[in-house]
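# Commentary on secondary and tertiary structure
Chain by chain, the residues run as shown.
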Amino acid sequence: KAGVTQTPRYLIKTRGQQVTLSCSPISGHRSVSWYQQTPGQGLQFLFEYFSETQRNKGNFPGRFSGRQFSNSRSEMNVSTLELGDSALYLCASSSGLTTYEQYFGPGTRLTVT
Amino acid sequence: AQTVTQSQPEMSVQEAETVTLSCTYDTSESNYYLFWYKQPPSRQMILVIRQEAYKQQNATENRFSVNFQKAAKSFSLKISDSQLGDTAMYFCAFVNAGNNRKLIWGLGTSLGVNP
């Protein structure tokens, strides 16, 4: 099976802009989770989608949003970018049913200038 | 609060030696799953090993094994016969059972394997 893919791999944006990141899970997986990784805060959970519904949400402002499509692909959007949003954004997929292990994509490195 | 503590920010080991990475966690739930992930310089997060909290037997995956002490909320990772390719950040994480996949992470241990 193909692994989790994320596009784009690298992004440079300016403060105030918005950005959309994409994630395609492993075939057959219905759960997609998003994490933000920064040197200062480590790994923090953003949200999880399961069968097109947001199942869990972390403690991030409303500027961070996501959605999941019927083919389980997920997108994450960040509006009104701030310098502090610079991070590695990781997407993980899981079957979402009886197993709990998550498999990660290569990440999207977002730099906000 | 649900937390994961990795008390060793950095460790080093000689090739072919054995090293143990420490992890303690805190959760009020009784059913959960524990994981060790590896993140090499490529930044790809790779699942190393998992442990179900309801299982007393320690998980093993080739050269990787865990020492799971549920009462002490301790979950250490032992790497045997260390290889240069084991050089990476190692993260301990857990998720509570139920309708969620929210992983709670430690800050990681940077492991260097020396030739």
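Parameters at a glance
- Residues numbered from 1 in each chain as written.
- Chains lettered and ligands numbered in written order.
- Predicted model: local features only at pLDDT ≥ 70, side-chain atom pairs only at ≥ 80, totals over all residues.
- Heavy atoms only, no water.
- Helix = DSSP H or I, 4+ residues; strand = E, 2+ residues; numbered from the N terminus.
- Buried < 20%, exposed > 50% of the residue type's maximum accessible area, 1.4 Å probe, protein only.
- Disulfide = S-S within 2.5 Å.

### Here's the deal with unusual backbone geometry
The omega angle of the peptide bond from Thr-7 of chain A to Pro-8 of chain A is -10°, so this bond is cis rather than trans. Relative to the elements of secondary structure, Pro-8 of chain A occurs in the loop between strand 1 (5-7) and strand 2 (10-13). Residue Asn-62 of chain B is not a glycine yet carries a positive backbone phi of 55°. Along the chain, Asn-62 of chain B turns up in the loop between strand 7 (60-61) and strand 8 (64-69). Its relative accessible area of 73% is what places Asn-62 of chain B among the exposed residues. Phi is positive for Asp-81 of chain B, which is not a glycine, with a value near 50°.

### So, the state of the cysteines
All names here are of chain B. All chains considered together, the criterion is met by two disulfides over all chains. The partner cysteine of Cys-23 in its disulfide is Cys-92, sulfur to sulfur 2.0 Å. Every disulfide takes its handedness from the sign of the S-S torsion; for Cys-23 and Cys-92 that torsion is -65°, giving left-handed. Residue Cys-23 is found in the loop between strand 3 (19-21) and strand 4 (24-26), and its partner Cys-92 is found in strand 10 (residues 88-96); the two are separated by 69 residues along the sequence. Cys-92 gets classed as buried once you look at its relative accessible area, which sits at 1%.

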